[in-house]
Amino acid sequence: MQQLSKNMRFRDLVILGLLFIGPAAPVGLFGVLDAISDGAVALVYIVATFVMAFTAFSYARMSNALPHAGAVYAYCSIGIHPNAGFLVGWLLLLDYLFIPAVAYLFSGISLNALIPEVPVWIWTCFAVVITTTLNLIGVKKSARITLVILILEIAVLFAVLLVGIWIIATNGTKQDWLTPFTGGELFNWSSLFNAVSIAVLSYLGFDAIATFSEEHSGKRNLVSKAIISCLILAGCLFVVQIYIGALLNPYDSEYLRNHPELQGKAYYNIVNNEINLWLGWSLSLMKAVGASFAAMVGQAAASRLLFSMGRDKRLPAFFAKIGKKSGVPSRAILFSALFNLLLVFIAANHAKGLPMLVSFVDVGALCAFIMLHVSVIGYFKFKKRSNGWRANLFDILIPIIGIVVLLPVLLHIDNYAKIIGGIWLIIGVIILILSKNQGQIGWLEANK
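Now for a quick tour of the structure. (Residues numbered from 1 in each chain as written. Predicted model: local features only at pLDDT ≥ 70, side-chain atom pairs only at ≥ 80, totals over all residues. Heavy atoms only, no water.)

In this section: the overall build of the chain. Per the secondary structure count, the chain includes 18 helices and 0 strands. Here the chain, with 448 residues, has 57% of them falling under the buried criterion. Look at the contacts in the chain between residues 6 or more apart in sequence, and 84% of them connect residues 24 or more apart. Of the roughly 18600 Å² of accessible surface on the chain, a fraction of 69% belongs to carbon and sulfur atoms. (Helix = DSSP H or I, 4+ residues; strand = E, 2+ residues; numbered from the N terminus. Buried < 20%, exposed > 50% of the residue type's maximum accessible area, 1.4 Å probe, protein only. Contact = heavy atoms within 4.5 Å. Areas by Shrake-Rupley, 256 points an atom, 1.4 Å probe, with all protein chains shown as cover.)

Listed below in structure tokens is the structure:
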């Protein structure tokens, strides 16, 4: 049976999670969230972190009980039913195969904006080649490079925040100190939760840590600790950067609502005009480079999911091949890279290519999160009970709350994306019906 190389540490897992999320992930959403929440952007991210904490808990519980590379696919296969596991894994491919394409395209567009002489497609292909090469040599061997990139991202972000704090201390604020938490006169809870439904998308990626569950040699709870730590660190970074930006924001919420073309650039304009032009350029550059490495982690996560489903014969066994020297699923990595390039090519030639790709990612991720909570209830309430083990209250209550808070988020997603998600699911059902081999879930059961 093919086994992944066990050479990752706690630090490596946290680095990968933060890289995938991106320390400055809220920057592009700042203006949108400010307009929707009537200025209560810091409160939005506090609530969003709280919402995602339920999902983090469920990931932590299942990664402790079932340390498998397939993550939610494996959890649902055992906690619910093998067929449910396949369909969830199939939906999750929308996330793990599409999100690197989003990041690669964003990186290409951003780098082209900084250096227009180099076309978007060249930047994109360059990013795919570099990051795919790093994935092929193994996550552990490329750990120094990924650590350097993460440190540079955080260093630039910290420089922006420190200079911003200094400007606030010397020149005062553009907004009231409490407005980022309370909003303006038009603030209401409905608009807040509408903004939260968008803000939670900043956290997509911390769940990818679970796909590396077979690649560490530490205690079983190492992955769960990394998932919780990653969420807490990201949440703190998000709230602080959004709060500082809000205090220096020269635009009020009504102005941003009336000028939607400024919403995506609002935070960059704040840094360029209110803090420092060079820091604004550095933030843009690191966001662009960071997107490529976020894509690298997404590509690695997708390859682990393909590997796990291929090993269980739910997908072609072609994906289950492990490189002898690297100990990574090389064929799955190459397939993911080629698929990403194809998606980028299609999206780059479509007027709404980038936002549409983002919507597809959201559908796959949120459906997987909801089914993750169901698998926790199924595994600890029913599967374990058959062995004389009884679930505690948290194993039932927290997943239920997690489902309740995620359903409205899923309903707010673009209707076209939901249609595509439904079509993708139907294709998965057809594959499941036509498949004669029902998989080797016994391998999962034997390796709990």
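Alright, that's what it looks like, and here's the rest.
Another aspect to go through is the packing of helix 5 (residues 82–114) against helix 17 (residues 415–434). Relative to each other, helix 5 and helix 17 sit at 140°, their axes nearing to 10 Å. Comparing the axis directions of helix 5 and helix 17 gives the class oblique. For helix 5 against helix 17, the interelement crossing comes out right-handed. Of the residues in helix 17, those in contact with Asn83, Phe86, Leu87, Trp90, Leu91, Leu93 and Leu94 of helix 5 are Gly421, Trp424, Leu425, Ile427, Gly428, Val429, Ile431 and Leu432. (Axes fitted to C-alpha atoms, helices over the stretch in contact; angles between N-to-C directions. Parallel < 35°, antiparallel > 145°, perpendicular 65-115°, else oblique. Left-handed = near helix turned anticlockwise from the far one by under 90°.)

A word on the pattern of salt bridges. Applying the stated criterion across every chain yields a total of 2 salt bridges. Two residues, Lys174 and Glu274, come together in a salt bridge whose shortest N-O distance is 3.6 Å. Here the residue Lys174 occupies a position in the loop between helix 7 (143–171) and helix 8 (179–182), and Glu274 occupies one in helix 12 (residues 266–275), the gap between them amounting to 100 residues. (Salt bridge = Lys/Arg side-chain N within 4 Å of Asp/Glu carboxyl O.)

Moving on, we get to the side chain of Ser77. The residue Ser77 is located in helix 4 (residues 72–79) in this model. There is a polar contact of 2.7 Å between the side chain of Ser77 and the backbone oxygen of Tyr73. (Polar contact = N/O pair within 3.5 Å; in protein donor to acceptor, adjacent residues only side chain to side chain.)

The next point concerns the nonpolar core. With 143 residues, the main nonpolar core has Val72 and Tyr75 as its most contacted residues. Broken down by element, the residue count for this core peaks at 17 residues, all from helix 5. When neighbours within four sequence positions are excluded, Val72 is seen to be in contact with Tyr59, Val88, Leu92, Ala368 and Leu372. (Core = buried A, V, L, I, M, F, W, Y, C linked by side-chain atoms within 4.5 Å.)

Turning our eyes to something else, we now look at the environment of Leu16. Turning to its location among the elements, Leu16 is positioned in helix 1 (residues 10–21). Judged by its relative accessible area of 4%, Leu16 is buried. For the pair Leu16 and Thr146, spaced 130 residues apart in the sequence, the C-alpha separation amounts to 7.7 Å.

What follows deals with unusual backbone geometry. For Asp38, which is not a glycine, the phi torsion comes out positive at approximately 60°. On the secondary structure map, Asp38 appears in the loop between helix 2 (30–37) and helix 3 (41–65). You can call Asp38 buried: its relative accessible area is 9%.

Our next topic: the packing of helix 7 against helix 10 (residues 222–247). It is at 10 Å that the axes of helix 7 and helix 10 come closest, and there the two elements cross at 40°. Relative to helix 10, the element helix 7 is oriented oblique. Seen along the crossing, helix 7 lies across helix 10 with a hand that is left-handed. In this structure, helix 7 uses Leu157, Phe158, Leu161, Gly164, Ile165 and Ile168 to contact helix 10, whose residues at the interface are Leu237, Val240, Gln241, Ile244 and Leu247. The residue inventory of the contact of helix 7 with helix 10, partitioned by class, reads 9 nonpolar, 2 polar and no charged. (Nonpolar A, V, L, I, M, F, W, Y, C, P; charged D, E, K, R; others polar.)

What follows is about helix 4. Counted residue by residue, helix 4 has 8 buried out of 8 residues, so it is predominantly covered. Looking only at helix 4, the buried set comprises Val72, Tyr73, Ala74, Tyr75, Cys76, Ser77, Ile78 and Gly79.

Residues Leu425, Ile426, Val429, Ile430, Ile433 and Leu434 make up a contiguous nonpolar surface patch of roughly 560 Å² in combined accessible area. Along the chain, Ile433 turns up in helix 17. (Patch = residues over 30% accessible without salt bridge, like charges linked within 9 Å, V, L, I, M, F, W, Y side chains within 5 Å.)

On to helix 2, then. Burial analysis of helix 2 places 6 of its 8 residues in the buried class, the great majority of the element. For helix 2, the complete set of buried residues consists of Phe30, Gly31, Leu33, Asp34, Ala35 and Ser37. Contacts from the buried residues of helix 2 go to helix 3, helix 9 (189–199), helix 10, helix 11 (253–258) and helix 12. Just downstream of helix 2, Asp38 is the residue with a positive phi angle, here 60°.

These figures come from the coordinates and say nothing about function on their own.
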